[in-house]
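# Summary of structural features
Now for the letters of each chain:
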Amino acid sequence: MKPEELIQKYNVPVPRYTSYPPANYFTDQVGNLHYEEAIEASNHESPRHLSFYIHIPFCRHLCHYCGCNSIGISGPEVIARYVAALHTEIDRVVERLDKSRCISQIHYGGGSPTILPADELRKLNEYLLSSFPSIEEPEIAIECHPGYLDRQAWEALTKAGFNRFSIGVQDFEPAVLKAVNRRPSLLPMEEITDLLRAASANINLDLLYGLPLQTVESFSHTVEKAALLAPDRLVTFSYGHVPWVNPRQRILEKTGFPTGEEKKKMYETAVELLKQHEYKTIGLDHFVKEEDELYLSLQQKMLSRNFQGYCSLRTTGQVYAFGMTGISQLNGAYIQNSKDLFTYIHAIENGTFAVERGYVLNREQQITRLVIQTLMCNYFLDMEEIAAKVGLSLDEVKRCTAWNNTVLQQFAADNIIEYTDRTIRITPQGTLFVRNVAASLDKLMQGSVKSYSKPV
């Protein structure tokens, strides 16, 4: 089948599967009591490691493409109340966790976490790291908007305890950034990367393709420029147009988007360029050096991921999220805080948690999550290995999913997968459509009318 025919057939809305079930299955029937129970249960479940996510929702201005839970900057008194609420919420969770467990990750997202003074961020890091032991070289990461950070700000961040910086470049083309209301980097990117390397920090550069005014040629130039900076990891996210979730995205419709075929070429060109620069492909969108632990995990078919990105087995932990909209990813439940700033603050100030919704997984769904996550991360799935991990037979694991030989045969006929009665391997041609294959294994997708973005 020709590439354009594959896109026409498979470029249909399907979940991204950064969680299973996806977040649009969360329900307001899950509340504070469920969270307390889930925290207690998590002390006796796997993985044992602790991964903390801290959400800083504030932005100096909002980019039109943004799919994150962000709000415009508030006054200093509101930000101070929010930070105080974060500390209180952290206290309430920390007191319920087994103190012998080790921290493997701390991740700050937003919004723009770097809107907070580096000293505030340092205090949060020090408090968590003083409350538990940590693994050797835990990952302490922060997402950075380079449009507002001068040299002094970058230097302060390197002294705040961070060892990984994810820099939201998105694109180097000024016209593209202007069209999406994104401020370009305040400093030359070469100066930023040199400064961070001098502090022995790891560097991620985040790019976004499928934006208005982008072309295959222009995005190739952006990828080439990013690769020449030699970041440790480079991420090329596919823009997901979901205006029913984030109405601001409708502004971009006035300019228009690249076609599905153009987006496919952007991705394929990026893969080829980064291959030439000796980067290895991880999952759908990450590119790393050969010595990176993510690549080593992929070679061993042991790659994992959470809402914050891909993880090695070493750094994988159950995720405890703090702040408005934060989503905790525990073994038995997803718990999401209120999306409203003052509802969150008032709940924490009044002595409770601020849970708005969530999802409690049954045993079958936990197994389906493992199946889908394994396939999405490693482009390979051995159901016999899954069966051994969960203590069930091969047929019992298949019955937990929507495994259907007729559907899988069609994917194989289109050279999307190679499969046997127990394994699925995504082909190089099929990598763009791994979400489609994962969705075919998902019982919740049968007859689903929920809305999702398209894979391309």
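Residues numbered from 1 in each chain as written. Predicted model: local features only at pLDDT ≥ 70, side-chain atom pairs only at ≥ 80, totals over all residues. Heavy atoms only, no water.

Turning our eyes to something else, we now look at the overall build of the chain. A tally of regular secondary structure across the chain gives 16 helices and 19 strands. The C-alpha atoms of the chain give 21 Å as radius of gyration, which agrees with the globular expectation for 456 residues (23 Å, within 12%). In terms of its C-alpha atoms, the chain occupies a principal-axis envelope of roughly 60 × 50 × 40 Å. Here the chain holds 456 residues, and the buried ones make up 56% of them. Expressed as a percentage of contacts within the chain between residues at least 6 apart in sequence, the contacts between residues at least 24 apart total 72%. (Helix = DSSP H or I, 4+ residues; strand = E, 2+ residues; numbered from the N terminus. Rg over C-alpha atoms; globule rule 2.2 N^0.38 Å. Buried < 20%, exposed > 50% of the residue type's maximum accessible area, 1.4 Å probe, protein only. Contact = heavy atoms within 4.5 Å.)

This next bit is on the nonpolar core. Membership of the largest hydrophobic core comes to 128 residues, with the highest contact counts inside it found for Phe-52, Trp-154 and Ile-424. Once residues within four sequence positions are removed from consideration, Ile-424 is found in contact with Leu-375, Tyr-379, Phe-380, Leu-381, Trp-403, Leu-408, Ile-417, Glu-418, Tyr-419, Val-437 and Leu-441. (Core = buried A, V, L, I, M, F, W, Y, C linked by side-chain atoms within 4.5 Å.)

This paragraph deals with the pattern of salt bridges. Pairing between side chains of opposite charge can happen when the charged atoms of each approach one another. One pass over the structure, following the stated rule, counts 16 salt bridges. Here Arg-122 makes a salt bridge to Asp-119, at a shortest N to O gap of 2.4 Å. Here Arg-122 pairs with Asp-119, and both are found in helix α4 (residues 118-131), just three residues apart, close to one helical turn. A residue is classified by how much of its surface remains accessible, and Arg-122, at 24% relative accessible area, is partly exposed. In this structure, the salt-bridge partner of Arg-151 is Glu-155, at a minimum N-O distance of 3.3 Å. Placement of the pair is Arg-151 and Glu-155 together in helix α5 (residues 151-158), with a separation of four residues, close to one helical turn. Here the residues in one salt-bridge network are Asp-119, Arg-122, Lys-123 and Glu-126, joined through shared partners. (Salt bridge = Lys/Arg side-chain N within 4 Å of Asp/Glu carboxyl O.)

Looking at where Gln-318 falls in the secondary structure, it is placed in strand β13 (residues 318-322). We classify Gln-318 as buried; its relative accessible area is 2%. Here Asn-331 takes part through its backbone nitrogen, which lies 2.8 Å from a polar atom of the side chain of Gln-318. Those residues in contact with Gln-318 that lie beyond four places of it in its chain are Ser-42, Glu-45, Ser-46, Pro-47, His-49, Leu-50, Ser-51, Arg-101, Gln-329, Leu-330 and Asn-331. (Polar contact = N/O pair within 3.5 Å; in protein donor to acceptor, adjacent residues only side chain to side chain.)

Moving on, we get to helix α7 (residues 189-198). Of all the residues in α7, the buried ones are Met-189, Ile-192, Thr-193, Leu-195 and Leu-196. Buried residues of α7, viewed axially, fall in a sector of 160°; they line one side. Pointing more than 90 degrees away from the buried face of α7 are the exposed residues Asp-194 and Ala-198. Packed against the buried residues of α7 are α5, β6 (164-170) and β7 (202-209). (Arc of directions from axis to C-beta.)

Attention now goes to the state of the cysteines. Tallied over the full model, the rule gives zero disulfides. The thiol of Cys-59 is unpaired, and the distance to the nearest cysteine sulfur, on Cys-66, comes to 6.3 Å. Using a relative accessible area of 9% as the deciding quantity, one classes Cys-59 as buried. Of the cysteine sulfurs around Cys-66, a residue in no disulfide, the closest is that of Cys-68, at 4.0 Å. (Disulfide = S-S within 2.5 Å.)

To continue, consider the sheet that holds strand β19 (residues 423-426). For sheets, the rule is that strands pair by backbone hydrogen bonds, running either parallel or antiparallel. Across the sheet, which stays open at both edges, the three strands sit in the order β17-β19-β18 with antiparallel pairing between neighbours. What marks the edges here is a single partner per strand, and that holds for β17 (380-382) and β18 (417-419). Sheet twist, expressed as the average angle between the axes of neighbouring strands with direction ignored, equals 10°. Alignment of β18 against β19, held across three bridges, turns out to be antiparallel. Bridge pairing in β19 links Tyr-419 to Ile-424. Packing of helix α12 (residues 363-378) onto the sheet brings it into contact with β17 and β19, and relative to β17 it is tilted by some 145°. (Pairing = 2+ DSSP bridges. Axes fitted to C-alpha atoms, helices over the stretch in contact; angles between N-to-C directions.)

A few words now on the layout of surface pockets. Roughly 960 Å³ of volume is contained in the second largest pocket. Lining the second largest pocket are 35 residues; nearest its centre among them are Pro-47, Ser-304, Thr-316, Leu-370 and Gln-373. Those elements that provide at least two residues to the lining of the second largest pocket are β11 (304-306), β13, α12 and α13 (383-390). Considering every element that reaches the lining of the second largest pocket, the biggest residue donor is α12, with nine residues. (1 Å grid on protein atoms, 1.4 Å probe; cavity = no way out; pocket = protein on both sides within 12 Å on 5 of 7 lines; lining within 4 Å. Points joined across faces, edges and corners; volume = space filled by probe spheres on them.)

The full count for this structure, using the stated rule, is 16 aromatic pairs. Each member of the aromatic cluster is reached from another via a ring pair, and the members are Phe-52, Phe-132, Tyr-320 and Phe-322. Taking NZ or CZ as reference, Lys-289 lies 4.1 Å from the ring centre of Tyr-279, over its face. A cation sits over an aromatic face here: Lys-301 above Phe-380, 5.2 Å from the ring centre. (Phe/Tyr/Trp six-rings, centres within 6.5 Å; stacked < 30°, edge-to-face > 60°. Lys NZ or Arg CZ within 6 Å of the ring centre and 35° of its normal.)

Here Arg-151 falls in the partly exposed class, since its relative accessible area comes to 37%. As for Arg-151 and Thr-406, which are separated by 255 residues in sequence, their C-alpha atoms are 58 Å apart. Not counting residues up to four positions away in its chain, the partners in contact with Arg-151 are Leu-187, Glu-191 and Leu-195.

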